[in-house]
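Reading the structure
The primary structure of each chain is shown beneath.
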Amino acid sequence: MSSSVLSPAGRLRGHRPPWLSPKVFRTEALAGLVVGLALIPEAISFSIIAGVDPAVGLFASFTMAVVISFVGGRPAMISAATGAVALVIAPLNREHGFGYLIAGVILGGVFQIVLGALGVARLMRFVPRSVMVGFVNSLAILVFLGQVPHLADVPWAVYPLVVGGLALMVFLPKITETVPAPLVSIVILTVITVAAGIAVPTVGDEGELPSSLPVPGLPDVPLTLDTLSTIAPYAFAMALVGLMESLMTAKLVDEITDTHSSKTRESIGQGIANIVTGFFGGMGGCAMIGQTMINVRVSGARTRLSTFLAGTFLMVLCIVFGPVVSDIPMAALVAVMVMVCFATFDWHSIAPRTLRRMPAGEITVMVVTVVCVVATENLAVGVVVGSITAMVIFAKRVAHFADVTAVTDPDGSRVVYSVTGELFFASSNDLVGRFAYATDPDRVVVDLSAAHIWDASSVATLDAVTTKYAQRGKQVEIIGLNEQSADLHGALSGRLSGGS
């Protein structure tokens with residue numbers, strides 16, 4: 001059978017992985033190396049937030065990246081230890097001990113698998129574009145603010161190093177893109193500081209690097225209902241925060257690469273990765289937007305190989321090249337992250353020309369999302385509040401589209417009320433006052449041909465209208481219901497009052 005008539009499954013089995021191409025492999029490998037380098041100080045800082053040894057965060061970043069590269073739904077996305085997850089699970093370690101933290105990570109992974117199987121990823125369709133833009137912009141702001149501590153109260157030499165690193169990443173791509181500019185910047189700045197003996201903060205100053213691979217084990221906690229009740233709230237919060245950040249990041253990468261990914265598989269994959277991470281003594285994690293942007297937007301990676309190699313390089317760099325990695329100046333990594341901030345921020349969204357054309361409601365939602373994220377340092381909070389704000393604005397806007405017009409027959413024996421628009425809790429509330437109950441003739445027709453009933457509130461409103469006319473001895477006929485509206489009205493009409 002020729003390849004042209006093979007089934008999709010047959011073509012898939014015979015498909016050559018794109019990373020086998022030397023050019024693609026080089027891009028993916030170099031991207032993974034850059035991300036692996038950038039992950040080290042981040043993982044150490046997140047370990048500090050969680051109140052655990054730096055090795056715990058580094059192990060988590062290693063296992064999360066490696067596992068998700070096989071089981072995740074979004075190629076080229078980077079998952080590792082994150083600040084959001086660290087903030088959620090830190091109280092477990094602080095109040096109950098490290099064993100409870102690990103047990104919470106494992107249970108959080110189980111919750112993510114369950115939520116993924118239940119279709120939580122489908123909720124992403126309710127996240128409006130304005131929230132997505134706010135998410136991206138707030139993330140860029142948070143990443144930038146995270147670099148500020150590395151620029152305060154430091155030797156003066158840090159500042160020219162950061163500027164030099166930024167200059168390299170801006171101008172080198174104009175000459176060649178064979179090697180990722182961030183990697184060149186890190187190498188050159190490291191060579192300069194070591195060769196010249198410049199005393200500046202280094203990766204080694206952030207914490208001690210591990211000297212061996214993690215080994216699997218069980219959390220040191222009693223297997224009782226009391227333990228379960230203790231860790232469950234933290235585990236569930238971790239699951240929700242991790243999925244929210246991962247799915248938002250996956251959606252962003254989909255847009256950047258103009259490709260589609262399975263959000264359900266990503267949700268389940270995040271759970272599997274966290275379970276594995278927990279059994280290997282890691283602190284858990286989720287998708288990392290900053291590192292993902294380094295991988296996808298800055299380095300040009302597109303396959304799972306870069307994700308796998310990011311985790312692999314992380315451990316190799318720590319165990320084999322620990323002394324060398326420890327000498328990397330933090331200024332080099334700060335420059336990389338600042339470049340990521342500028343590349344991530346949607347500058348078009350705040351351009352005066354865009355703001356003049358954008359509806360006020362859309363701008364409000366974007367600003368609310370950014371303010372909430374920056375104020376709480378929690379991306380999930382910003383996305384939820386932004387989405388709720390968007391829904392409220394949408395409901396208020398749509399509510400004005402419902403209208404009622406009345407036409408009385410020439411002989412005065414009947415009046416026909418034509419209702420147009422979408423009838424739901426916000427638009428139907430004012431409907432009762434749009435009818436002339438006392439002066440209308442005995443026959444009243446409510447024509448809903450140009451309307452749609454969406455909820456019980458609208459059915460209750462129509463019941464109230466009918467009741468008010470009935471109290472005056474007048475008959476109401478409702479016509480023009482479409483199929484869905486008729487089904488909902490038939491199922492609920494007359495059954496919504498307390499006495500029914």
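What this report covers is the structure whose coordinates are included nearby. This structure is a prediction, so every number in the text was calculated from the model and none was measured. Within each chain, residues carry numbers counting from 1 in the order of the written sequence. With pLDDT at 70 or above as the cut-off, local features in this predicted model cover only qualifying residues; side-chain atom pairs require 80 or more to be listed or tallied, and sums for whole chains, interfaces and linings still use all residues. By convention in this description, side-chain values take in all heavy atoms of the structure and omit both hydrogens and water.

By the criteria applied, helices consist of DSSP H or I runs no shorter than four residues and strands consist of E runs no shorter than two, each listed in order from the N terminus. From N to C terminus, the protein includes 20 helices and 6 strands. By principal-axis analysis of the C-alpha atoms, the protein measures approximately 100 × 65 × 60 Å. Each residue is placed in one exposure class: buried if its accessible area under a 1.4 Å probe, protein chains only, is under 20% of its type's maximum, exposed if it is over 50%, and partly exposed if it falls in between. In the protein, which comprises 500 residues, the share counted as buried stands at 50%. Contact between two residues is taken to exist if any of their heavy atoms lie within 4.5 Å; hydrogens are not considered. Restricting the contact set of the protein to residue pairs at least 6 apart, pairs at least 24 apart contribute 84%. Just so you have it, the protein exposes about 23100 Å², and 65% of that area is on carbon and sulfur atoms. If you average the places of the 29 positive and of the 33 negative side-chain charges in the protein, the two averages end up 9 Å apart. Computed with the Shrake-Rupley method and a 1.4 Å probe, the accessible areas treat only the protein chains shown as cover for residues. For the purpose of counting charges, residues Lys and Arg are taken to be positive, whereas Asp and Glu are taken to be negative. His and the chain ends are not included. Taken as the charge location is NZ of Lys, CZ of Arg, CG of Asp or CD of Glu.

So, on to the nonpolar core. Residues enter a nonpolar core if they are buried and are Ala, Val, Leu, Ile, Met, Phe, Trp, Tyr or Cys, with the set joined through side-chain atoms within 4.5 Å. Counting 95 residues, the largest nonpolar core has Ile40, Leu58, Ile89, Met283 and Ile294 as the members making the most contacts within it. Counting 20 residues, the second largest nonpolar core, distinct from the first, contains Ala402, Val415, Tyr417 and Val419.

This part covers the pairing of strand E6 (residues 475-479). Pairs of strands are assigned from DSSP output, requiring at least two bridges between the strands. Relative to E6, strand E5 (residues 443-453) runs parallel, the two being bridged by 5 bridges. Residue pairing for E6: arginine 443 is matched across the bridge by glutamine 475. Call a crossover right-handed when, viewed with both strands pointing away from you, the route from the first strand across the helix to the second goes clockwise. For the crossover from E5 across helix H19 (residues 456-470) to E6, the handedness is right-handed.

Here we come to the pattern of salt bridges. A side-chain nitrogen of Lys or Arg and a carboxyl oxygen of Asp or Glu constitute a salt bridge if their distance falls within 4 Å. The final tally for this structure, using the stated rule, is 4 salt bridges. One salt bridge connects aspartate 254 with arginine 74, and the closest N-O pair in it is separated by 2.5 Å. Separated by 180 residues along the polypeptide, aspartate 254 in helix H9 (residues 225-257) and arginine 74 in the loop between helix H3 (54-71) and strand E1 (79-80) bring together distant segments of the chain. Neither aspartate 254 nor arginine 74 differs from the other in exposure class; each is buried. One network of salt bridges, with partners in common, ties together Arg74, Asp254 and Lys263.

Any helix carries an expected span of 1.5 Å times its number of residues minus one. Under the 1.5 Å per step criterion, the end-to-end length of helix H4 (residues 83-95) is 19 Å for 13 residues, consistent within 8% with the ideal 18 Å. With 10 of its 13 residues buried, H4 lies for the most part within the structure. The set of residues buried in H4 consists of Gly83, Ala84, Val85, Ala86, Val88, Ile89, Ala90, Pro91, Leu92 and Asn93. Remark: glycine 97 follows H4 within two positions and exhibits a positive phi of approximately 115 degrees.

Right, let's get into helix H7 (residues 158-175). With 18 residues, H7 extends 26 Å from end C-alpha to end C-alpha; this agrees with the ideal 26 Å at 1.5 Å per step. Among all positions of H7, only Val158, Leu161, Val162, Gly165, Met169 and Leu172 are buried. If you follow the buried residues of H7, they end up packed against helix H8 (181-196) and helix H14 (330-344).

A few words now on the packing of H7 against H14. Axis angles are defined between N-to-C directions and span 0 to 180 degrees, where every axis is a line fitted to C-alpha atoms and, for a helix, only to the segment in contact. Between H7 and H14, the least distance of the axes is 8 Å, while the angle of their chain directions is 50 degrees. Taken together, the axes of H7 and H14 lie oblique to each other. The hand of the H7/H14 crossing is right-handed. Contacts from Val158, Leu161, Val162, Gly165, Leu166, Met169 and Val170 in H7 reach Ala331, Val334, Ala335, Val336, Val338 and Met339 in H14. Any residue outside Ala, Val, Leu, Ile, Met, Phe, Trp, Tyr, Cys, Pro, Asp, Glu, Lys and Arg is labelled polar, Gly included; the first ten of those are nonpolar and the last four are charged. The residue makeup of the contact of H7 with H14, split by class, is 12 nonpolar, 1 polar and no charged. When an angle is under 35 degrees it counts as roughly parallel; over 145 it counts as roughly antiparallel; between 65 and 115 it counts as roughly perpendicular; any other value is oblique. Left-handed describes a crossing in which the near helix is turned anticlockwise from the far one by less than a right angle; the clockwise case is right-handed.

A few words on the sheet that holds strand E4 (residues 414-423). Judged by pairing direction, the sheet is mixed, and its 4 strands sit side by side in the order E3-E4-E5-E6 without closing on themselves. This sheet does not close on itself; its edge strands, each paired only once, are strand E3 (403-408) and E6. Taking the axes of each pair of neighbouring strands and ignoring which way they run, one obtains an average angle of 20 degrees across the sheet. Taken together, the 9 bridges between E4 and E5 define a ladder with parallel strand orientation. Bridge assignment links valine 415 to a residue of E5, and that residue is valine 444. In the packing of H19 onto the sheet, contacts are made with E4, E5 and E6, and the angle to E5 comes to roughly 175 degrees. Those strands touched by helix H20 (residues 483-492) are E5 and E6, and its axis lies near 120 degrees from that of E5.

What follows is about the pairing of E4. Relative to E4, E3 runs antiparallel, the two sharing 6 bridges. Across the sheet, threonine 405 pairs through a bridge with serine 418, a residue of E4. Hairpin connection from E3 to E4: 5 residues lie between these consecutive antiparallel strands, with glycine 412 at a positive phi of about 75 degrees.

Once that is clear, we can look at the state of the cysteines. Working definition: a disulfide is two cysteine sulfur atoms within 2.5 Å of each other. Tallied over the entire structure, the rule returns 0 disulfides. Cysteine cysteine 341 shares no disulfide, and the gap to the nearest cysteine sulfur, in cysteine 286, comes to 17 Å. With no disulfide of its own, cysteine 372 lies 19 Å from the sulfur of cysteine 286, the closest cysteine sulfur.

Turning our eyes to something else, we now look at the packing of aromatic side chains. Working definition: rings of Phe, Tyr and Trp (its six-membered ring) pair if their centres are within 6.5 Å, and the pair is stacked with planes under 30 degrees apart, edge-to-face with planes over 60 apart, and tilted otherwise. Evaluated as defined, the whole model comprises 9 aromatic pairs. For the ring pair tyrosine 417 and phenylalanine 435, a centre distance of 4.5 Å and an interplane angle of 55 degrees mean the geometry is tilted. Of the two residues, tyrosine 417 is situated in strand E4 and phenylalanine 435 in the loop between helix H18 (425-428) and E5; the sequence distance between them amounts to 18 residues. Each member of the pair, tyrosine 417 as well as phenylalanine 435, carries the same accessibility label: buried. Ring geometry for phenylalanine 435 against tyrosine 437: centres 6.2 Å apart, planes inclined by 35 degrees, an arrangement best described as tilted. By the burial criterion, phenylalanine 435 is buried, and tyrosine 437 matches it. Linked through ring pairs, Tyr417, Phe435, Tyr437 and Tyr469 together constitute an aromatic cluster.

Moving on, we come to unusual backbone geometry. As a rule of thumb, non-glycine residues mostly have phi less than zero, and peptide bonds are mostly trans rather than cis. Positive phi is not limited to glycine here, since aspartate 153 has a value of about 55 degrees. Under the relative-accessibility criterion, aspartate 153 is labelled exposed at 83%.

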